[in-house]
Amino acid sequence: IMATTTFSGPIKAGTIKYTTGTTVGTDMTNVGQVVMAQTHAIDLSGGALAAVATNVIIPANSQLVDIVFDSIVASSDATNISIGKVGGAATTFVNTFAIGTTVGLKRPTTEAGGSLAWEDIGTSDVRLNVTNSAATSSGECRFTIMYQQNNNLD
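1. Points about the overall build of the protein chain
Across its full length, the protein chain carries zero helices and 10 strands. Mapped in sequence order, the helices and strands of the protein chain form the string β-β-β-β-β-β-β-β-β-β. Dimensions along the principal axes, computed over C-alpha positions, put the protein chain at roughly 60 × 35 × 30 Å. With 154 residues in all, the protein chain has 35% of them scored as buried. Within the protein chain, contacts between residues separated by at least 24 positions form 73% of all contacts whose residues are at least 6 apart in sequence. Positive and negative charge centroids in the protein chain, built from 7 and 11 side chains respectively, lie 5 Å apart.

2. Let's talk about the confidence of the model for the protein chain
Averaged over every residue, the pLDDT of the protein chain is 86; the share at 70 or more is 95%. Taking the mean pLDDT of every element in the protein chain, the minimum, 84, falls on strand 1 (residues 12–13) and the maximum, 93, on strand 10 (residues 140–148).

3. Quick word on the side chain of Ser-62
You can see Ser-62 is positioned in the loop between strand 4 (49–58) and strand 5 (63–73). With sequence-adjacent residues up to four places away left out, Ser-62 is seen in contact with Glu-119, Asp-120, Ile-121, Tyr-147, Gln-148, Gln-149, Asn-150 and Asn-151.

4. With respect to unusual backbone geometry
We note that Ala-51 has phi near 45 degrees; this positive angle belongs to a residue other than glycine. Position of Ala-51 relative to the elements: it lies in strand 4. One non-glycine residue, Asn-61, lies in the positive phi region at around 65 degrees. Within the secondary structure layout, Asn-61 lies in the loop between strand 4 and strand 5.

5. Notes on the sheet that holds strand 7 (residues 94–98)
Strand order in the open sheet formed by four strands is 4-9-6-7, and the pairing between neighbours is antiparallel. The two strands at the open ends of the sheet, each matched to only one other strand, are strand 4 and strand 7. On average, each strand axis in the sheet is tilted by 25 degrees relative to the strand beside it, whichever way the strands run. Two elements, strand 6 (residues 80–85) and strand 9 (residues 126–132), share five bridges in a ladder whose sense is antiparallel. Among the inter-strand pairings, Lys-85 is bridged to a residue of strand 9, identified as Leu-128.

6. A look at the packing of aromatic side chains
Taken as a whole, this structure holds two aromatic pairs when the rule is applied. Look at Phe-69 and Phe-143: their rings are 6.3 Å apart centre to centre, the planes differ by 50 degrees, and that puts the pair in the tilted class. Here Phe-69, found in strand 5, pairs with Phe-143, found in strand 10; they are 74 residues apart in sequence, far enough to count as distant. Neither Phe-69 nor Phe-143 differs from the other in exposure class; each is buried. The structure contains a cluster of three or more aromatic residues connected by ring pairs, namely Phe-69, Phe-97 and Phe-143.

Here is what the cut-offs are and how they apply
Residue numbering note: each chain is counted from 1, following its sequence as written. Whole-chain, interface and lining totals are the exception, using all residues; otherwise, since this is a predicted model, local features are given only for residues with pLDDT of at least 70 and side-chain atom pairs are given and counted only at 80 or more. To get the side-chain values, take all heavy atoms of the structure and skip hydrogens and water. Going along the chain from the N terminus, every DSSP run of H or I of four or more residues is numbered as a helix, and every run of E of two or more is numbered as a strand. Residue exposure (1.4 Å probe, protein chains only): buried if accessible area is under 20% of the type maximum, exposed if over 50%, otherwise partly exposed. Every residue pair with non-hydrogen atoms within 4.5 Å of one another is taken to be in contact. Charge assignment: positive for Lys and Arg, negative for Asp and Glu; neither His nor the chain ends contribute. Taken as the charge centre is NZ of Lys, CZ of Arg, CG of Asp or CD of Glu, depending on the residue. Confidence scores here are pLDDT values: one per residue, from the predictor, ranging 0 to 100. In this scheme, strands are said to pair when DSSP sees at least two bridges between them. Every axis corresponds to a line fitted to the C-alpha atoms, with the helix fit spanning only the stretch in contact, and the corresponding angles, defined between N-to-C directions, vary from 0 to 180 degrees. Each Phe, Tyr or Trp ring, with Trp reduced to its six-membered ring, pairs with another whose centre is within 6.5 Å; inter-plane angles below 30 degrees give stacked pairs, above 60 give edge-to-face pairs, and intermediate values give tilted ones.

See below:
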């Protein structure tokens with residue numbers, strides 16, 4: 001079994017924390033945010049889902065970087081998946097992305113992120129929910145959400 005280390009975050013990496021001069025690699029900052037990720041499996045075999053709460057919780061002030069879907073078992077019907085906030089809009093982060101009936105890695109484009117929703121999730125932690133609009137009878141999909149903790153772009 002592999003050991004796990006937990007940090008309270010945010011985690012930054014680099015060798016030069018502060019700029020004190022003008023020489024790259026010597027005295028100019030090269031510190032960057034570490035990208036974090038969480039994954040949630042969506043069972044599509046039970047039909048439509050109405051804003052089901054997940055165990056994915058994004059820390060306050062995080063910037064979303066990407067959301068990727070991996071269709072593990074093909075859906076029996078074309079389905080639209082949305083990702084939103086528990087206690088908020090069900091389509092905040094992904095608005096009705098057509099997952100299709102094929103397996104493989106898929107990325108939302110125009111369906112991703114409402115008005116500045118990815119820039120900074122706000123001053124409180126956000127628990128995600130997932131919605132599936134189709135009456136599917138088979139399929140499994142996972143979404144992985146990537147974010148920079150406490151990036152504070154607002």
